[in-house]
Number of protein chains: 2
Amino acid sequence: MSSEQKATNITWHEGNITRMDRERLNGHRGAVVWFTGLSGSGKSTIARALEEALFERGIRAYVLDGDNIRHGLNKNLGFSPEDRQENIRRIGEVAKLFADAGLIAITAFISPYRADRDQARAINGEDFIEVYVDCALDVCESRDPKGLYQKARAGLIPEFTGISAPYEPPLNPELVIDSAALSVDESVRSVISLLESRGIIPARS
Amino acid sequence: MSSEQKATNITWHEGNITRMDRERLNGHRGAVVWFTGLSGSGKSTIARALEEALFERGIRAYVLDGDNIRHGLNKNLGFSPEDRQENIRRIGEVAKLFADAGLIAITAFISPYRADRDQARAINGEDFIEVYVDCALDVCESRDPKGLYQKARAGLIPEFTGISAPYEPPLNPELVIDSAALSVDESVRSVISLLESRGIIPARS
């Protein structure tokens, strides 16, 4: 499926209520926190804990991950290179809608290809915060929370990232989290510090 | 914060923060208000005015319409029957994510086919509120805000709903708005009354 613009005659139109209005109502800015890393690196765990920490501060955030996306919006996509690319493209576009709605979209997908993440970044411009959850393959494999590495090693999952398909680490992520060294709480705090320093959420007094 | 893995591969998973938590924070429920009707019937105008009226009450709502969807998420879809169906399916799925995030998703698409709207309804269950903006073709054509009817009559737009492609009115919509008889404000009030009566938003004291 190509990402070429097919429909013409269309302009992005701001309604009566703008993004700035919504951000004023919420007391924080919209943004996209894009986690990337190997399966088992801790992306989803950190993403959910981040959502909870933000919620406790009254901040509107929402996690997009494999469970709610692969089940619904992207259920008609598989794991071919084209489908992986389209998967990430759609997630980037949905995250943009959430940011425009004044929320902090938190995405937790392996998103192994640099080009796909760069497309999501291009879609979202300065709203895009790439967080690389850096974790050695052997550590991820020893965690293996879903037993996927075991299946991949047994040849039951073709093109599994880290085993039989590449993972391309970000070259210039906004943040790197070493999930073998940091606790979940420490990881969340590092993201929150970044959001505060960028003025996306208010600093805690 | 537990680092326990809650998700299996194939279940929609609630994180630590649930939809109910988000709805409590917002002071209203998530929902999907799905406008359907001919081009020129007033869907977008009513949708934007509804968003504004809800915003003034501190309610989080967000309009999905051709301008922000055809430009982004669905830019790789055209107007073939398959693409129209996929267009509506994706919108139904994104609306579901917004409702799960605790917002009122307002969609403004012609969505001419009953089967496609029924699929969006099936995706969204009891959150789905179908609003038929009922307006006679000749009235819509006389408004022709984007000059599309004129182009369609001249044969410049193939398969234009109402002219050369069918519109299938809802059989059991939650609400019908006669946009030739009601003002925009009256139309908005009728939707708000419905949202109040269903307990989606608090009634104004």
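All values derive from a computational prediction rather than experimental measurement.

K.L.:
So, the packing of helix α4 (residues 81–100) of chain A against helix α5 (residues 114–124) of chain A: which residues are in play, and what are the values?
P.N.:
All names here are of chain A. Put simply, α4 and α5 touch, their axes get as near as 9 Å, and they point 25° apart. Taken together, the axes of α4 and α5 are roughly parallel relative to one another. Crossing of α4 against α5: the hand is right-handed. Residues Arg-84, Gln-85, Ile-88, Arg-89, Gly-92, Glu-93, Ala-95 and Lys-96 of α4 pack against Asp-116, Gln-119, Ala-120, Ile-123 and Asn-124 of α5. The residue makeup of the contact of α4 with α5, split by class, is four nonpolar, four polar and five charged.

K.L.:
Explain the side chain of Asn124(B) to me, using residue names and the numbers behind them.
P.N.:
Residue and element names in this part refer to chain B. Its place among the elements puts Asn-124 in helix α5 (residues 114–124). For Asn-124, a relative accessible area of 5% gives the class buried. Reaching out from Asn-124, the side chain makes a polar contact with the backbone oxygen of Gly-92 at a distance of 3.1 Å.

K.L.:
How would you sum up the sheet that holds strand β4 (residues 128–134) of chain B? Please name residues and give values.
P.N.:
All names here are of chain B. The strand order across the open sheet built from five strands is β2-β3-β1-β4-β5, with neighbouring strands paired in parallel fashion. Each edge of the open sheet carries a strand with a single partner, namely β2 (61–65) and β5 (175–178). Taken over all neighbouring pairs, the strand axes of this sheet differ in orientation by 20° on average, direction set aside. Relative to β4, strand β1 (residues 31–36) runs parallel, the two being bridged by five bridges. Looking at the pairing, Trp-34 lines up with Glu-130 of β4.

K.L.:
Before we move on, could you go through the pairing of β5(B) and cite the residues and values that matter?
P.N.:
Residue and element names in this part refer to chain B. Residues Leu-175 and Ile-177 of β5 are buried on one face, while the alternating residues Val-176 and Asp-178, pointing to the opposite face, are not. By the bridge criterion, four bridges tie β4 to β5 in an arrangement that is parallel. Residue Val-133 lies in a different strand from β5, and its bridge partner there is Ile-177.

K.L.:
Can you break down the state of the cysteines residue by residue, with the values?
P.N.:
Residue and element names in this part refer to chain A. Applying the stated criterion to the full structure yields zero disulfides over all chains. Free of any disulfide, Cys-135 has its nearest neighbouring cysteine sulfur in Cys-140, separated by 3.5 Å. Residue class for Cys-135 comes out buried when judged on its relative accessible area of 7%.

K.L.:
Provide a residue-level description of the packing of aromatic side chains, including the pertinent values.
P.N.:
For any pair of aromatic rings, the description rests on two quantities: the centre-to-centre distance and the angle between the ring planes. In this structure the tally under the stated criterion is nine aromatic pairs over all chains. For the pair Trp34(B) and Phe128(B), a centre-to-centre distance of 5.5 Å together with 40° between the ring planes defines the contact as tilted. With Trp34(B) in strand β1 and Phe128(B) in strand β4, this pair connects stretches of sequence that are 94 residues apart. The exposure class assigned to Trp34(B) is buried, which follows from its relative accessible area of 0%. We classify Phe128(B) as buried; its relative accessible area is 1%. Counting every residue linked through ring pairs, the aromatic cluster contains Tyr62(A), Phe98(A), Tyr62(B) and Phe98(B). Just above the ring of Phe79(A) sits the side chain of Arg70(A); from NZ or CZ to the centre is 4.2 Å.

About the criteria used
Residues numbered from 1 in each chain as written. Chains lettered and ligands numbered in written order. Predicted model: local features only at pLDDT ≥ 70, side-chain atom pairs only at ≥ 80, totals over all residues. Heavy atoms only, no water. Axes fitted to C-alpha atoms, helices over the stretch in contact; angles between N-to-C directions. Helix = DSSP H or I, 4+ residues; strand = E, 2+ residues; numbered from the N terminus. Parallel < 35°, antiparallel > 145°, perpendicular 65-115°, else oblique. Left-handed = near helix turned anticlockwise from the far one by under 90°. Contact = heavy atoms within 4.5 Å. Nonpolar A, V, L, I, M, F, W, Y, C, P; charged D, E, K, R; others polar. Buried < 20%, exposed > 50% of the residue type's maximum accessible area, 1.4 Å probe, protein only. Polar contact = N/O pair within 3.5 Å; in protein donor to acceptor, adjacent residues only side chain to side chain. Pairing = 2+ DSSP bridges. Disulfide = S-S within 2.5 Å. Phe/Tyr/Trp six-rings, centres within 6.5 Å; stacked < 30°, edge-to-face > 60°. Lys NZ or Arg CZ within 6 Å of the ring centre and 35° of its normal.

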